[in-house]
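# Survey of secondary and tertiary structure
One-letter residues, chain by chain:
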Amino acid sequence: MASETWLDRYIAYAAELTDAPLIFHRFIGLQVVGAALGAKWKLPDHSGGWLYPNLWVLILAKSSTLHKSTAAKIGLRLAWEAGVVQVPSYGSLEKLAELFCRQQEGLMYADEFDQFLRGMGRDYAAGRGFFASLYDGTIAPQGFKSGVVKGSMDVSASFLACSTLTWLSEATKESDITGGLLPRFLLVPAYTKERTMELPPTEVNHIARKALVKELQFMRECSHICTLISGAQMLYQAWHRKTMQLPVDGTRGDAWPERVATTCFKLSMIFHAMHDPETPQIREVDMHHACEMASLLIQELRRLMDSELAFTPVEKDLQMLRRILEKYGDEEGWVAHSTVLKYSHLDARRFHELIVTAQQSEILETGRAKRGHPPLRLVGREAGEDDR
């Protein structure tokens, strides 16, 4: 039986405080460990520089009832108590550049990601480029009104943010994806809770909290130039070949899963730190856990690309079709042809073209009807399957 890790104990601790989905606690916990390791843990990268264990995580939910911010603040509090420097994500790029050049690591937090983006205002294009480079560990020398920031090539900046699925589907532009900033975030969506906690906890488990902080501090004190043992390398290569063979549509966002795949190396350092923080060799078990997390993220990303992100008229119509079928489906997912037509608000010709496109894209399947048009449902929706 695998031994319990810091992440297991963190999820158990956080679950005692709030009924937020467990997937939030899992990735917030991983992000907190990565921020604690900071610039002291690193792997060589293809540029001749370093890859740090900094993660950029975007927590997504349909509404506030899933307690995104509450889950985030549990992790932020532990990180703060462990000595992780927390940096404001809002404010001037100049101050942020100066701060990271001086201390080389830190954890940023944005309670509402759309407000963070709006805060860049007229400097959005420059800000997008700045933050994309910051994720990669680089601050280019820049001239500001108050002087010149010399820049740095060795920065480990972590970023935790929250937003809604509505924002993702309604406010995201194609340039946000192709521009390089949003794909640097690991999108962590949740749709339902595993349980409901009607009252706040009667007490906080301070013993568990202090133990988590103490362990974080110990990991933070360690410093390693990490290496991947041959078994970990082979495991990643096999996983990557298998995962990247999944079909893509040749259009927007195809590079996004590949970027998530490279996060395996960051995650492998984080898992290794939780397993054995005193050695630099990343083992097969560390890479195995990293690939598991990346597979989950890529699966969720592909689902979001299909259901929430639409830019062309055809994509928007397919998104609308999905939502109608999800909302009005019976226990087996079937919806009457007339119901779908009614709520689509499309004329008969355009609706027919949409149904053909959805079938060709293997999104839609048709049932049997004694007379008239057959019922419709989403491919893969089986009897008794719960809505996500």
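Residues numbered from 1 in each chain as written. Predicted model: local features only at pLDDT ≥ 70, side-chain atom pairs only at ≥ 80, totals over all residues. Heavy atoms only, no water.

### Observations concerning the nonpolar core
Judged by nonpolar contacts, the single largest core of 102 residues is most densely connected at Trp 6, Phe 24, Leu 30, Met 108, Phe 131 and Leu 134. Examining the composition of this core, we find that 11 residues originate from one element, helix α11 (residues 255-275), more than from any other. Once you skip the residues sitting within four places of it in the chain, Trp 6 turns out to touch Gly 29, Val 32, Val 33, Leu 78, Leu 212, Glu 215, Leu 216, Met 219 and Met 274. Counting residues in hydrophobic clusters, the runner-up holds 16 residues, among them Leu 346, Phe 351, Ile 363 and Leu 376. (Core = buried A, V, L, I, M, F, W, Y, C linked by side-chain atoms within 4.5 Å. Buried < 20%, exposed > 50% of the residue type's maximum accessible area, 1.4 Å probe, protein only. Helix = DSSP H or I, 4+ residues; strand = E, 2+ residues; numbered from the N terminus. Contact = heavy atoms within 4.5 Å.)

### A look at the pattern of salt bridges
Evaluated as defined, the whole model comprises nine salt bridges. Among the salt bridges present, the one from Asp 286 reaches Arg 283, with a minimum N-O distance of 3.6 Å. The partner of Glu 365 in a salt bridge is Arg 377, and the shortest N-O contact between them spans 2.8 Å. Of the two residues, Glu 365 is situated in strand β13 (residues 364-366) and Arg 377 in strand β14 (residues 376-378); the sequence distance between them amounts to 12 residues. When its relative accessible area of 14% is taken as the criterion, Arg 377 is described as buried. A network of salt bridges, in which partner residues are shared, links Glu 4, Arg 9 and Glu 215. (Salt bridge = Lys/Arg side-chain N within 4 Å of Asp/Glu carboxyl O.)

### Quick notes on the sheet that holds strand β10 (residues 224-225)
In spatial order, the strands read β2-β1-β10; together these three strands make up an open sheet with mixed pairing. Bordering the open sheet on either side are β2 (50-51) and β10, each of which pairs with just one other strand. Across two bridges, strand β1 (residues 41-44) lies against β2 in antiparallel orientation. Along β2, the bridge assignment pairs Leu 43 with Leu 51. (Pairing = 2+ DSSP bridges.)

### Structural notes on the packing of aromatic side chains
Tallied over the full model, the rule gives 15 aromatic pairs. Here the aromatic rings of Phe 113 and Phe 185 are separated by 5.0 Å at their centres, their planes lie at 70 degrees, and the arrangement is edge-to-face. Here Phe 113, found in helix α5 (residues 113-119), pairs with Phe 185, found in the loop between α8 (174-178) and β9 (186-190); they are 72 residues apart in sequence, far enough to count as distant. The burial state of Phe 113 is the same as that of Phe 185; both residues are buried. Ring geometry for Phe 116 versus Phe 131: centroids 5.0 Å apart, planes at 80 degrees, classification edge-to-face. Residue Phe 116 is found in helix α5, and its partner Phe 131 is found in helix α6 (residues 124-135); the two are separated by 15 residues along the sequence. Across the pair, exposure class does not vary: Phe 116 and Phe 131 are buried alike. Grouped by ring-pair contacts, the aromatic residues Trp 56, Phe 113, Phe 116, Phe 130, Phe 131, Tyr 135, Phe 159, Trp 167 and Phe 185 constitute a single cluster. Over the ring of Trp 50 we find Lys 42, and its NZ or CZ is 4.7 Å from the ring centre. When the ring centre of Tyr 135 is taken as origin, the NZ or CZ atom of Lys 266, which lies over that ring, is 4.8 Å away. (Phe/Tyr/Trp six-rings, centres within 6.5 Å; stacked < 30°, edge-to-face > 60°. Lys NZ or Arg CZ within 6 Å of the ring centre and 35° of its normal.)

### Side note on unusual backbone geometry
Although it is not a glycine, Gln 104 adopts a positive phi angle of roughly 65 degrees. With respect to the helices and strands, Gln 104 occurs in the loop between α4 (93-103) and β5 (105-110). You will see that His 345, though not glycine, has its phi angle at about 60 degrees, which is positive. Inspection of the secondary structure puts His 345 in the loop between α14 (337-344) and α15 (348-360).

### Remarks on the side chain of Ser 89
Tracing the backbone through its elements, the reader meets Ser 89 in the loop between β4 (86-88) and α4. A relative accessible area of 5% places Ser 89 in the buried class. A polar side-chain atom of Ser 89 sits 3.0 Å from the main-chain carbonyl oxygen of Tyr 109. Leaving out residues up to four positions away in the same chain, Ser 89 has contacts with Met 108, Tyr 109, Ala 110, Phe 116, Phe 131 and Phe 159. (Polar contact = N/O pair within 3.5 Å; in protein donor to acceptor, adjacent residues only side chain to side chain.)

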